[in-house]
There are 2 protein chains.
Amino acid sequence: MHAKLIAYISQYVNLPLTSEEQALIVATFQPKKLRKKQYFLQEGDVCKYAGFIVKGAMRQYSVDHKGVEHIVHLFVENYWANDRESSTMLTPSVYNIDAWEDTELLIITRAEMLDLMDKIPAMAQMIRLMDERNAIVNQRRLSSTISNTAEKRYEEFAAHHQQFVQRFPQHLIASYLGITKETLSRIRKQGTK
Amino acid sequence: MHAKLIAYISQYVNLPLTSEEQALIVATFQPKKLRKKQYFLQEGDVCKYAGFIVKGAMRQYSVDHKGVEHIVHLFVENYWANDRESSTMLTPSVYNIDAWEDTELLIITRAEMLDLMDKIPAMAQMIRLMDERNAIVNQRRLSSTISNTAEKRYEEFAAHHQQFVQRFPQHLIASYLGITKETLSRIRKQGTK
DNA sequence: AAAAACCGTTGACATTTGTCAACGGTTTCT
DNA sequence: AGAAACCGTTGACAAATGTCAACGGTTTTT
(Lines give C-alpha, C1' and ligand atoms only; values in the text may rest on other atoms or scores of the structure.)
Protein backbone atom coordinates (compact mmCIF):
# COMPACT_ATOMS: atom_id res chain seq x y z
CA MET A 1 0.00 0.00 0.00
CA HIS A 2 2.87 2.39 0.68
CA ALA A 3 4.42 1.57 -2.68
CA LYS A 4 2.38 4.24 -4.44
CA LEU A 5 3.57 6.86 -2.00
CA ILE A 6 7.20 5.83 -2.41
CA ALA A 7 6.79 5.97 -6.17
CA TYR A 8 5.15 9.36 -5.90
CA ILE A 9 8.00 10.80 -3.87
CA SER A 10 10.67 9.26 -6.06
CA GLN A 11 9.14 10.65 -9.18
CA TYR A 12 9.03 14.11 -7.65
CA VAL A 13 12.64 14.23 -6.61
CA ASN A 14 15.95 13.29 -8.19
CA LEU A 15 17.47 12.08 -4.92
CA PRO A 16 16.77 8.37 -4.53
CA LEU A 17 15.36 7.10 -1.24
CA THR A 18 17.56 4.74 0.76
CA SER A 19 15.87 1.66 2.12
CA GLU A 20 16.16 3.05 5.66
CA GLU A 21 14.33 6.15 4.55
CA GLN A 22 11.69 4.07 2.87
CA ALA A 23 11.25 2.06 6.05
CA LEU A 24 10.83 5.24 8.06
CA ILE A 25 8.21 6.49 5.66
CA VAL A 26 6.31 3.23 5.81
CA ALA A 27 6.43 3.30 9.60
CA THR A 28 5.18 6.87 9.82
CA PHE A 29 2.29 7.02 7.40
CA GLN A 30 -0.79 5.30 8.78
CA PRO A 31 -3.23 3.60 6.43
CA LYS A 32 -6.82 4.74 6.71
CA LYS A 33 -9.92 3.71 4.84
CA LEU A 34 -12.93 5.90 4.33
CA ARG A 35 -16.30 4.79 3.07
CA LYS A 36 -18.11 6.97 0.58
CA LYS A 37 -19.54 10.08 2.32
CA GLN A 38 -17.41 9.62 5.40
CA TYR A 39 -15.71 12.76 6.70
CA PHE A 40 -11.97 13.17 6.70
CA LEU A 41 -12.31 16.64 8.19
CA GLN A 42 -15.39 18.35 9.56
CA GLU A 43 -16.03 22.07 9.80
CA GLY A 44 -15.09 23.35 13.24
CA ASP A 45 -12.42 20.73 13.85
CA VAL A 46 -8.72 21.37 13.62
CA CYS A 47 -7.18 19.51 10.68
CA LYS A 48 -4.82 17.06 12.35
CA TYR A 49 -3.82 14.96 9.36
CA ALA A 50 -2.69 15.35 5.84
CA GLY A 51 -3.76 12.41 3.71
CA PHE A 52 -2.13 11.02 0.60
CA ILE A 53 -4.77 9.37 -1.55
CA VAL A 54 -3.76 5.91 -2.66
CA LYS A 55 -7.14 5.04 -4.14
CA GLY A 56 -10.44 6.87 -4.35
CA ALA A 57 -11.79 10.39 -4.70
CA MET A 58 -12.55 13.18 -2.23
CA ARG A 59 -13.81 16.73 -2.10
CA GLN A 60 -13.23 19.79 0.07
CA TYR A 61 -15.99 22.35 0.49
CA SER A 62 -17.50 25.02 2.67
CA VAL A 63 -21.18 25.35 3.46
CA ASP A 64 -22.68 28.84 3.36
CA HIS A 65 -25.44 30.30 5.54
CA LYS A 66 -28.08 28.99 3.16
CA GLY A 67 -26.72 25.48 3.39
CA VAL A 68 -25.23 25.55 -0.11
CA GLU A 69 -21.96 23.68 -0.58
CA HIS A 70 -19.06 25.38 -2.34
CA ILE A 71 -16.42 22.99 -3.64
CA VAL A 72 -12.93 24.40 -3.24
CA HIS A 73 -10.94 21.29 -4.13
CA LEU A 74 -11.37 17.90 -5.71
CA PHE A 75 -8.92 15.10 -5.09
CA VAL A 76 -8.16 11.77 -6.71
CA GLU A 77 -5.25 9.32 -6.53
CA ASN A 78 -1.88 10.94 -5.82
CA TYR A 79 -3.42 14.09 -4.37
CA TRP A 80 -3.04 15.33 -0.81
CA ALA A 81 -6.13 16.12 1.20
CA ASN A 82 -5.47 18.76 3.83
CA ASP A 83 -6.63 22.13 5.07
CA ARG A 84 -3.41 24.01 5.25
CA GLU A 85 -4.71 26.98 7.15
CA SER A 86 -6.20 24.85 9.88
CA SER A 87 -3.30 22.44 10.20
CA THR A 88 -0.58 25.08 10.28
CA MET A 89 -2.39 27.69 12.37
CA LEU A 90 -4.16 25.10 14.52
CA THR A 91 -7.45 26.91 14.02
CA PRO A 92 -10.87 25.29 13.48
CA SER A 93 -11.42 24.62 9.82
CA VAL A 94 -14.17 26.30 7.83
CA TYR A 95 -14.09 23.37 5.41
CA ASN A 96 -15.34 19.84 5.21
CA ILE A 97 -13.38 17.14 3.46
CA ASP A 98 -15.14 13.87 2.73
CA ALA A 99 -14.85 10.80 0.56
CA TRP A 100 -16.74 10.89 -2.70
CA GLU A 101 -15.82 7.28 -3.41
CA ASP A 102 -14.54 4.63 -1.04
CA THR A 103 -11.02 5.85 -0.41
CA GLU A 104 -7.70 4.56 0.90
CA LEU A 105 -5.39 7.10 2.46
CA LEU A 106 -2.00 7.28 4.07
CA ILE A 107 -2.21 9.85 6.81
CA ILE A 108 0.40 11.79 8.73
CA THR A 109 0.31 14.55 11.34
CA ARG A 110 2.03 17.85 10.83
CA ALA A 111 4.56 17.08 13.55
CA GLU A 112 5.41 13.76 11.94
CA MET A 113 5.77 15.43 8.58
CA LEU A 114 8.17 18.05 9.96
CA ASP A 115 10.15 15.25 11.52
CA LEU A 116 10.32 13.34 8.25
CA MET A 117 11.40 16.46 6.39
CA ASP A 118 14.16 16.82 8.93
CA LYS A 119 15.38 13.28 8.55
CA ILE A 120 14.83 12.70 4.85
CA PRO A 121 16.23 15.31 2.45
CA ALA A 122 14.18 13.95 -0.42
CA MET A 123 11.02 14.46 1.58
CA ALA A 124 11.89 18.06 2.33
CA GLN A 125 12.64 18.64 -1.32
CA MET A 126 9.39 17.05 -2.41
CA ILE A 127 7.37 19.24 -0.09
CA ARG A 128 9.11 22.31 -1.39
CA LEU A 129 8.45 21.33 -4.99
CA MET A 130 4.85 20.46 -4.21
CA ASP A 131 4.33 23.81 -2.54
CA GLU A 132 5.82 25.53 -5.51
CA ARG A 133 3.66 23.68 -8.00
CA ASN A 134 0.67 24.27 -5.82
CA ALA A 135 1.26 28.00 -5.67
CA ILE A 136 1.42 28.09 -9.45
CA VAL A 137 -1.77 26.10 -9.88
CA ASN A 138 -3.63 28.32 -7.41
CA GLN A 139 -2.40 31.44 -9.14
CA ARG A 140 -3.71 30.16 -12.44
CA ARG A 141 -7.04 29.19 -11.06
CA LEU A 142 -7.46 32.54 -9.38
CA SER A 143 -6.45 34.35 -12.51
CA SER A 144 -8.91 32.35 -14.58
CA THR A 145 -11.71 32.92 -12.09
CA ILE A 146 -11.46 36.70 -12.12
CA SER A 147 -10.65 37.06 -15.82
CA ASN A 148 -12.81 34.59 -17.70
CA THR A 149 -16.49 33.95 -18.26
CA ALA A 150 -18.04 30.79 -16.86
CA GLU A 151 -17.94 29.22 -20.30
CA LYS A 152 -14.25 29.84 -20.84
CA ARG A 153 -13.49 28.66 -17.32
CA TYR A 154 -15.26 25.38 -17.98
CA GLU A 155 -13.47 24.87 -21.29
CA GLU A 156 -10.10 25.40 -19.64
CA PHE A 157 -11.02 23.15 -16.77
CA ALA A 158 -12.26 20.36 -19.00
CA ALA A 159 -9.15 20.59 -21.14
CA HIS A 160 -6.78 20.33 -18.18
CA HIS A 161 -8.77 18.10 -15.84
CA GLN A 162 -10.29 15.46 -18.01
CA GLN A 163 -10.15 12.91 -15.23
CA PHE A 164 -12.19 15.11 -12.90
CA VAL A 165 -14.89 15.59 -15.49
CA GLN A 166 -15.19 11.85 -15.90
CA ARG A 167 -15.07 11.05 -12.24
CA PHE A 168 -17.21 13.64 -10.47
CA PRO A 169 -20.81 14.53 -11.24
CA GLN A 170 -21.48 17.77 -13.04
CA HIS A 171 -22.99 19.57 -10.10
CA LEU A 172 -19.70 19.25 -8.23
CA ILE A 173 -17.74 20.53 -11.20
CA ALA A 174 -20.15 23.45 -11.46
CA SER A 175 -19.67 24.31 -7.81
CA TYR A 176 -15.89 24.06 -8.21
CA LEU A 177 -16.14 26.59 -11.02
CA GLY A 178 -18.31 28.89 -8.94
CA ILE A 179 -21.51 28.43 -10.96
CA THR A 180 -24.75 26.50 -10.54
CA LYS A 181 -25.42 23.09 -12.03
CA GLU A 182 -28.12 24.56 -14.27
CA THR A 183 -25.73 27.10 -15.73
CA LEU A 184 -23.13 24.43 -16.41
CA SER A 185 -25.72 22.25 -18.05
CA ARG A 186 -26.64 25.10 -20.40
CA ILE A 187 -23.04 25.95 -21.15
CA ARG A 188 -22.32 22.37 -22.13
CA LYS A 189 -25.36 22.23 -24.33
CA GLN A 190 -24.25 25.34 -26.19
CA GLY A 191 -20.69 24.13 -26.48
CA THR A 192 -21.62 21.00 -28.41
CA LYS A 193 -23.55 22.88 -31.10
CA MET B 1 17.65 51.44 2.26
CA HIS B 2 18.21 47.78 3.16
CA ALA B 3 17.19 48.45 6.75
CA LYS B 4 13.53 47.85 5.95
CA LEU B 5 14.33 44.49 4.42
CA ILE B 6 16.42 43.44 7.41
CA ALA B 7 13.62 44.51 9.72
CA TYR B 8 11.12 42.60 7.59
CA ILE B 9 13.12 39.40 7.76
CA SER B 10 13.82 39.72 11.48
CA GLN B 11 10.20 40.24 12.28
CA TYR B 12 9.29 37.14 10.31
CA VAL B 13 11.73 34.81 11.98
CA ASN B 14 12.82 34.15 15.55
CA LEU B 15 16.44 33.46 14.57
CA PRO B 16 18.37 36.75 14.72
CA LEU B 17 20.58 37.70 11.78
CA THR B 18 24.31 37.89 12.44
CA SER B 19 26.08 40.95 11.12
CA GLU B 20 27.83 38.77 8.52
CA GLU B 21 24.48 37.58 7.31
CA GLN B 22 23.18 41.10 7.18
CA ALA B 23 26.19 42.15 5.17
CA LEU B 24 25.61 39.33 2.71
CA ILE B 25 22.00 40.36 2.30
CA VAL B 26 22.93 43.96 1.71
CA ALA B 27 25.51 42.91 -0.85
CA THR B 28 23.07 40.66 -2.73
CA PHE B 29 19.91 42.72 -3.02
CA GLN B 30 20.26 45.42 -5.66
CA PRO B 31 18.38 48.70 -5.27
CA LYS B 32 16.16 49.65 -8.16
CA LYS B 33 13.93 52.64 -8.70
CA LEU B 34 10.90 52.62 -10.93
CA ARG B 35 8.98 55.67 -12.05
CA LYS B 36 5.22 55.49 -12.08
CA LYS B 37 3.95 53.35 -14.99
CA GLN B 38 7.35 51.80 -15.59
CA TYR B 39 7.36 48.04 -16.09
CA PHE B 40 9.00 45.69 -13.66
CA LEU B 41 7.93 42.72 -15.77
CA GLN B 42 6.39 42.68 -19.22
CA GLU B 43 4.19 40.01 -20.71
CA GLY B 44 6.25 37.61 -22.79
CA ASP B 45 9.45 38.11 -20.78
CA VAL B 46 10.78 35.64 -18.27
CA CYS B 47 10.60 37.03 -14.75
CA LYS B 48 14.23 37.29 -13.71
CA TYR B 49 13.88 39.16 -10.44
CA ALA B 50 11.84 39.12 -7.32
CA GLY B 51 11.50 42.60 -5.86
CA PHE B 52 10.96 43.59 -2.26
CA ILE B 53 9.10 46.89 -2.15
CA VAL B 54 10.76 49.40 0.15
CA LYS B 55 8.55 52.29 -0.90
CA GLY B 56 5.77 52.67 -3.43
CA ALA B 57 2.94 50.66 -4.94
CA MET B 58 2.70 48.21 -7.85
CA ARG B 59 0.22 46.02 -9.64
CA GLN B 60 0.29 42.71 -11.49
CA TYR B 61 -2.21 42.06 -14.27
CA SER B 62 -2.96 40.21 -17.45
CA VAL B 63 -4.44 41.74 -20.57
CA ASP B 64 -7.17 39.80 -22.36
CA HIS B 65 -7.89 39.55 -26.08
CA LYS B 66 -10.09 42.65 -25.90
CA GLY B 67 -7.33 44.68 -24.29
CA VAL B 68 -8.97 44.66 -20.85
CA GLU B 69 -6.63 44.50 -17.88
CA HIS B 70 -7.30 42.00 -15.10
CA ILE B 71 -5.55 42.82 -11.83
CA VAL B 72 -4.31 39.68 -10.10
CA HIS B 73 -2.22 41.32 -7.37
CA LEU B 74 -1.64 44.67 -5.77
CA PHE B 75 1.55 45.43 -3.87
CA VAL B 76 2.65 48.10 -1.42
CA GLU B 77 5.55 48.43 1.02
CA ASN B 78 6.83 45.11 2.42
CA TYR B 79 5.32 43.08 -0.39
CA TRP B 80 7.21 41.00 -2.91
CA ALA B 81 6.60 41.53 -6.60
CA ASN B 82 7.26 38.41 -8.61
CA ASP B 83 5.67 36.03 -11.09
CA ARG B 84 6.37 32.71 -9.48
CA GLU B 85 5.37 30.57 -12.40
CA SER B 86 7.62 32.40 -14.80
CA SER B 87 10.61 32.69 -12.50
CA THR B 88 10.60 29.08 -11.35
CA MET B 89 9.67 27.45 -14.66
CA LEU B 90 11.65 29.96 -16.73
CA THR B 91 8.66 30.42 -19.02
CA PRO B 92 7.49 33.69 -20.58
CA SER B 93 5.10 35.44 -18.24
CA VAL B 94 1.48 36.09 -19.11
CA TYR B 95 1.48 38.99 -16.67
CA ASN B 96 2.66 42.54 -16.51
CA ILE B 97 3.94 44.09 -13.33
CA ASP B 98 4.36 47.84 -13.22
CA ALA B 99 4.74 50.69 -10.79
CA TRP B 100 1.54 52.46 -9.80
CA GLU B 101 3.50 55.02 -7.83
CA ASP B 102 7.20 55.86 -7.97
CA THR B 103 8.69 52.82 -6.31
CA GLU B 104 11.91 51.73 -4.67
CA LEU B 105 12.75 48.04 -4.80
CA LEU B 106 15.41 45.67 -3.67
CA ILE B 107 15.76 43.03 -6.34
CA ILE B 108 17.27 39.57 -6.38
CA THR B 109 17.51 36.77 -8.91
CA ARG B 110 16.21 33.31 -8.21
CA ALA B 111 19.72 31.87 -8.21
CA GLU B 112 20.87 34.47 -5.71
CA MET B 113 17.89 33.76 -3.52
CA LEU B 114 18.58 30.03 -3.51
CA ASP B 115 22.14 30.81 -2.57
CA LEU B 116 21.07 33.06 0.30
CA MET B 117 18.65 30.43 1.55
CA ASP B 118 21.55 28.01 1.56
CA LYS B 119 23.83 30.30 3.52
CA ILE B 120 21.37 31.98 5.86
CA PRO B 121 19.02 29.72 7.83
CA ALA B 122 16.80 32.65 8.79
CA MET B 123 16.30 33.45 5.13
CA ALA B 124 15.27 29.90 4.33
CA GLN B 125 12.88 29.94 7.23
CA MET B 126 11.39 33.23 6.19
CA ILE B 127 10.75 32.02 2.67
CA ARG B 128 9.08 28.93 4.02
CA LEU B 129 6.86 30.96 6.31
CA MET B 130 6.06 33.40 3.54
CA ASP B 131 5.11 30.59 1.23
CA GLU B 132 2.89 29.14 3.88
CA ARG B 133 1.16 32.40 4.61
CA ASN B 134 0.83 33.00 0.92
CA ALA B 135 -0.81 29.65 0.31
CA ILE B 136 -3.34 30.42 3.03
CA VAL B 137 -4.14 33.86 1.66
CA ASN B 138 -4.60 32.49 -1.84
CA GLN B 139 -6.85 29.74 -0.57
CA ARG B 140 -9.05 32.29 1.17
CA ARG B 141 -9.23 34.54 -1.82
CA LEU B 142 -10.16 31.68 -4.10
CA SER B 143 -12.75 30.45 -1.69
CA SER B 144 -14.27 33.91 -1.41
CA THR B 145 -14.29 34.35 -5.17
CA ILE B 146 -16.25 31.20 -5.90
CA SER B 147 -18.53 31.38 -2.86
CA ASN B 148 -19.54 35.02 -2.38
CA THR B 149 -21.40 37.69 -4.31
CA ALA B 150 -19.51 40.73 -5.54
CA GLU B 151 -20.91 42.78 -2.69
CA LYS B 152 -19.76 40.40 0.01
CA ARG B 153 -16.38 40.08 -1.66
CA TYR B 154 -15.91 43.82 -1.61
CA GLU B 155 -16.93 44.06 2.03
CA GLU B 156 -14.43 41.40 3.03
CA PHE B 157 -11.75 43.01 0.94
CA ALA B 158 -12.34 46.46 2.33
CA ALA B 159 -12.33 45.13 5.88
CA HIS B 160 -9.02 43.33 5.47
CA HIS B 161 -7.23 45.60 3.02
CA GLN B 162 -8.02 49.09 4.14
CA GLN B 163 -4.68 50.37 2.90
CA PHE B 164 -5.34 49.13 -0.63
CA VAL B 165 -8.70 50.86 -0.76
CA GLN B 166 -7.08 54.12 0.22
CA ARG B 167 -4.14 53.80 -2.06
CA PHE B 168 -5.42 52.44 -5.36
CA PRO B 169 -8.23 53.88 -7.47
CA GLN B 170 -11.53 52.09 -7.45
CA HIS B 171 -11.30 50.71 -10.94
CA LEU B 172 -8.23 48.71 -9.95
CA ILE B 173 -9.95 47.38 -6.85
CA ALA B 174 -12.92 46.41 -9.01
CA SER B 175 -10.70 44.53 -11.42
CA TYR B 176 -8.94 42.80 -8.55
CA LEU B 177 -12.34 41.61 -7.36
CA GLY B 178 -13.30 40.43 -10.84
CA ILE B 179 -16.00 43.03 -11.47
CA THR B 180 -16.29 46.24 -13.48
CA LYS B 181 -15.76 49.69 -12.07
CA GLU B 182 -19.42 50.55 -12.66
CA THR B 183 -20.59 47.59 -10.62
CA LEU B 184 -18.26 48.48 -7.78
CA SER B 185 -19.46 52.06 -7.85
CA ARG B 186 -23.06 50.87 -7.48
CA ILE B 187 -22.21 48.41 -4.73
CA ARG B 188 -20.54 51.14 -2.73
CA LYS B 189 -23.45 53.48 -3.20
CA GLN B 190 -25.86 50.86 -1.86
CA GLY B 191 -23.58 49.99 1.02
CA THR B 192 -23.59 53.51 2.44
CA LYS B 193 -27.38 53.75 2.58
C1' DA C 1 -2.59 78.42 -19.18
C1' DA C 2 -4.47 75.18 -22.09
C1' DA C 3 -5.05 70.50 -23.38
C1' DA C 4 -5.18 65.90 -22.33
C1' DA C 5 -5.70 62.02 -19.47
C1' DC C 6 -7.71 60.08 -15.54
C1' DC C 7 -11.51 58.94 -12.31
C1' DG C 8 -15.88 58.01 -10.36
C1' DT C 9 -20.68 58.24 -11.25
C1' DT C 10 -25.06 57.69 -13.58
C1' DG C 11 -28.69 56.14 -16.94
C1' DA C 12 -30.47 52.96 -20.32
C1' DC C 13 -30.18 48.70 -21.85
C1' DA C 14 -28.16 43.85 -22.91
C1' DT C 15 -26.26 39.71 -21.27
C1' DT C 16 -25.12 36.40 -18.00
C1' DT C 17 -26.19 33.84 -14.23
C1' DG C 18 -29.23 32.39 -10.43
C1' DT C 19 -33.66 30.58 -8.58
C1' DC C 20 -37.43 27.61 -8.38
C1' DA C 21 -40.17 23.93 -9.86
C1' DA C 22 -40.84 19.98 -12.47
C1' DC C 23 -39.53 15.75 -15.28
C1' DG C 24 -37.63 11.34 -16.34
C1' DG C 25 -33.87 8.34 -16.08
C1' DT C 26 -30.61 6.43 -13.42
C1' DT C 27 -28.34 4.38 -9.19
C1' DT C 28 -28.53 3.10 -4.43
C1' DC C 29 -30.66 1.48 -0.40
C1' DT C 30 -33.80 -1.61 2.15
C1' DA D 1 -38.93 -5.69 -6.11
C1' DG D 2 -40.04 -1.40 -4.52
C1' DA D 3 -38.85 3.00 -2.53
C1' DA D 4 -35.83 6.58 -2.09
C1' DA D 5 -32.09 9.34 -3.32
C1' DC D 6 -29.37 11.14 -6.87
C1' DC D 7 -28.48 13.41 -11.33
C1' DG D 8 -28.85 16.12 -15.39
C1' DT D 9 -31.99 18.81 -18.04
C1' DT D 10 -35.46 22.20 -19.19
C1' DG D 11 -38.68 26.25 -18.86
C1' DA D 12 -40.13 30.59 -16.93
C1' DC D 13 -38.74 34.17 -14.57
C1' DA D 14 -35.75 37.15 -11.33
C1' DA D 15 -31.50 39.13 -9.99
C1' DA D 16 -26.79 40.33 -10.70
C1' DT D 17 -23.49 42.08 -13.55
C1' DG D 18 -21.68 43.94 -17.94
C1' DT D 19 -21.70 47.33 -21.81
C1' DC D 20 -21.82 51.71 -23.77
C1' DA D 21 -22.16 56.51 -23.69
C1' DA D 22 -22.03 60.68 -21.35
C1' DC D 23 -20.92 64.07 -17.53
C1' DG D 24 -18.20 66.85 -14.48
C1' DG D 25 -14.47 67.20 -11.51
C1' DT D 26 -9.90 66.24 -10.78
C1' DT D 27 -4.88 65.59 -11.81
C1' DT D 28 -1.21 65.36 -15.07
C1' DT D 29 1.12 66.67 -19.14
C1' DT D 30 2.49 69.83 -22.57
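Please read all numbers here as calculations on a predicted model, not as lab measurements.

1. Thoughts on the overall build of chain A
- Helix and strand content of chain A: nine helices and eight strands.
- At 18 Å, chain A has a C-alpha radius of gyration in line with the 16 Å of a compact globule built from 193 residues.
- With respect to the three principal axes, the spread of C-alpha positions in chain A is 55 × 35 × 30 Å.
- Partitioning the contacts of chain A with sequence separation of at least 6, the portion at a separation of at least 24 is 70%.

2. Some details on the protein's contact with DNA strand D
- As a structural note, the neighbourhood of DNA strand D is formed by 15 residues, with Pro169 and Ser185 of chain A together with Ala150, Ile179 and Thr183 of chain B the closest of them.
- Among the secondary structure elements, those contributing two or more residues to the surface near DNA strand D are α8 (170-177) and α9 (181-191) of chain A together with α6 (150-160) and α9 (181-192) of chain B.
- Counting residues per element, the surface near DNA strand D draws most heavily on α9 of chain A, which supplies five residues.
- Each residue belonging to the surface near DNA strand D can be placed in one class, and the counts come to three nonpolar, six polar and six charged.

3. What to know about the domain arrangement of chain A
All names here are of chain A.
- Its domain assignment divides chain A into domain 1 (3-147) and domain 2 (148-193).
- Put simply, the middle of domain 1 and the middle of domain 2, counted by C-alpha atoms, are 24 Å apart.
- Taken together, the contact pairs eleven residues of domain 1 with eleven residues of domain 2.
- Counting only elements with at least two residues in the side of domain 1 that touches domain 2, the list comes to β5 (69-75) and α5 (121-147).
- With four residues, β5 is the single largest residue contributor to the side of domain 1 that touches domain 2.
- Here the side of domain 1 that touches domain 2 is built from residues that sort into five nonpolar, four polar and two charged.

4. Remarks on the protein's contact with DNA strand C
- Lining the immediate environment of DNA strand C, one finds 15 residues, of which Ala150 and Thr183 of chain A together with Pro169, Gln170 and Ser185 of chain B sit closest.
- For the surface near DNA strand C, the elements supplying multiple residues, two or more each, are α6 (150-160) and α9 of chain A together with α8 (170-177) and α9 of chain B.
- Ranked by residues supplied to the surface near DNA strand C, first place goes to α9 of chain B with five residues.

5. Some words on the packing of α5 of chain A against helix α5 (residues 121-147) of chain B
- Between α5 of chain A and α5 of chain B, whose axes approach to 10 Å, the crossing angle comes to 30 degrees. As the angle between them shows, α5 of chain A and α5 of chain B are arranged roughly parallel. The two elements α5 of chain A and α5 of chain B meet at a crossing, and its hand is left-handed. Mapping the contact onto sequence places Asp131, Asn134, Ala135, Asn138, Arg141, Leu142, Thr145 and Ile146 of chain A in α5 of chain A and Asp131, Asn134, Ala135, Asn138, Arg141, Leu142, Thr145 and Ile146 of chain B in α5 of chain B.

6. Digging into unusual backbone geometry
Residue and element names in this part refer to chain A.
- With a phi close to 60 degrees, Leu90 is a non-glycine residue in the positive phi region.
- Along the polypeptide, Leu90 turns up in the loop between α3 (84-89) and β7 (96-99).
- Residue Leu90 is classed as exposed on the basis of its C-beta count, with 11 C-beta atoms lying within 10 Å.

7. Description of the interface of chain A and chain B
- Taken together, the 21 residues of chain A in the interface contact 21 residues of chain B.
- Every element with two or more residues in the side of chain A that touches chain B is listed here: β5, α3 and α5 of chain A.
- Looking at the side of chain A that touches chain B element by element, the count peaks at 13 residues for α5 of chain A.
- Class assignment of the residues belonging to the side of chain A that touches chain B gives a composition of five nonpolar, ten polar and six charged.

8. Details of the pairing of strand β8 (residues 103-109) of chain B
Residues and elements named next belong to chain B.
- In this structure, strand β1 (residues 30-34) lies alongside β8, joined through five bridges in antiparallel fashion. Looking at β8, one finds that Lys33 is bridged to Glu104.
- The sheet contact formed by strand β3 (residues 49-55) and β8 spans six bridges and is antiparallel. Its bridge partner being in β8, Gly51 is matched across the sheet by Ile107.

9. A word on the UniProt feature "domain: Cyclic nucleotide-binding" (unreviewed entry) in chain A
- Following the UniProt record, the feature "domain: Cyclic nucleotide-binding" (unreviewed entry) maps to residues 32-119 of chain A here.
- Helix makes up 18% of residues 32-119 of chain A and strand 44%, whereas the separation of the span's terminal C-alpha atoms amounts to 24 Å.

10. Description of the relation of the copies chain A and chain B
- Aligned on chain B, chain A shows an RMSD of 0.0 Å; the corresponding rotation is 180 degrees and the shift along the axis is 0.0 Å. This pairing of chains is accounted for by a two-fold axis.
- Most of the interface of chain A is mirrored in chain B, where 100% of its interface residues again form contacts.

11. Considerations on the environment of Leu74 of chain B
All names here are of chain B.
- Its location among the elements puts Leu74 in strand β5 (residues 69-75).
- On the neighbour-count criterion, Leu74 (21 C-beta atoms within 10 Å) is buried.
- The spatial distance from the C-alpha of Leu74 to the C-alpha of Leu172 is 8.8 Å, given a sequence separation of 98 residues.
- Discounting chain neighbours no more than four positions away, the residues touching Leu74 are Arg59, Phe164, Phe168, Leu172 and Tyr176.

12. Observations regarding the sheet that holds strand β6 (residues 80-81) of chain A
Residue and element names in this part refer to chain A.
- With respect to topology, four strands assemble into an open sheet ordered β1-β8-β3-β6, the strand pairing being antiparallel. On the outer flanks of this sheet lie β1 (30-34) and β6, each paired with one strand and no other.
- Where strand β3 (residues 49-55) lies against β6, two bridges are found, and the strand directions are antiparallel. Bridging across to β6, Phe52 finds its partner in Trp80.
- Taken strand by strand, helix α4 (residues 110-119) contacts β3 and β8 (103-109), and its axis lies near 75 degrees from that of β8.

What counts and what doesn't
Residues numbered from 1 in each chain as written. Chains lettered and ligands numbered in written order. Predicted model: local features only at pLDDT ≥ 70, side-chain atom pairs only at ≥ 80, totals over all residues. Helix = DSSP H or I, 4+ residues; strand = E, 2+ residues; numbered from the N terminus. Rg over C-alpha atoms; globule rule 2.2 N^0.38 Å. Contact = placed C-beta atoms within 7 Å. Near = placed C-beta within 6 Å. Nonpolar A, V, L, I, M, F, W, Y, C, P; charged D, E, K, R; others polar. Domains from an automatic or database assignment. Axes fitted to C-alpha atoms, helices over the stretch in contact; angles between N-to-C directions. Parallel < 35°, antiparallel > 145°, perpendicular 65-115°, else oblique. Left-handed = near helix turned anticlockwise from the far one by under 90°. Buried ≥ 20, exposed ≤ 12 C-beta atoms within 10 Å, placed from the backbone. Pairing = 2+ DSSP bridges. UniProt positions renumbered as here; feature names shortened; annotations may be inferred. Least-squares fit on C-alpha atoms with pLDDT ≥ 70 in both.

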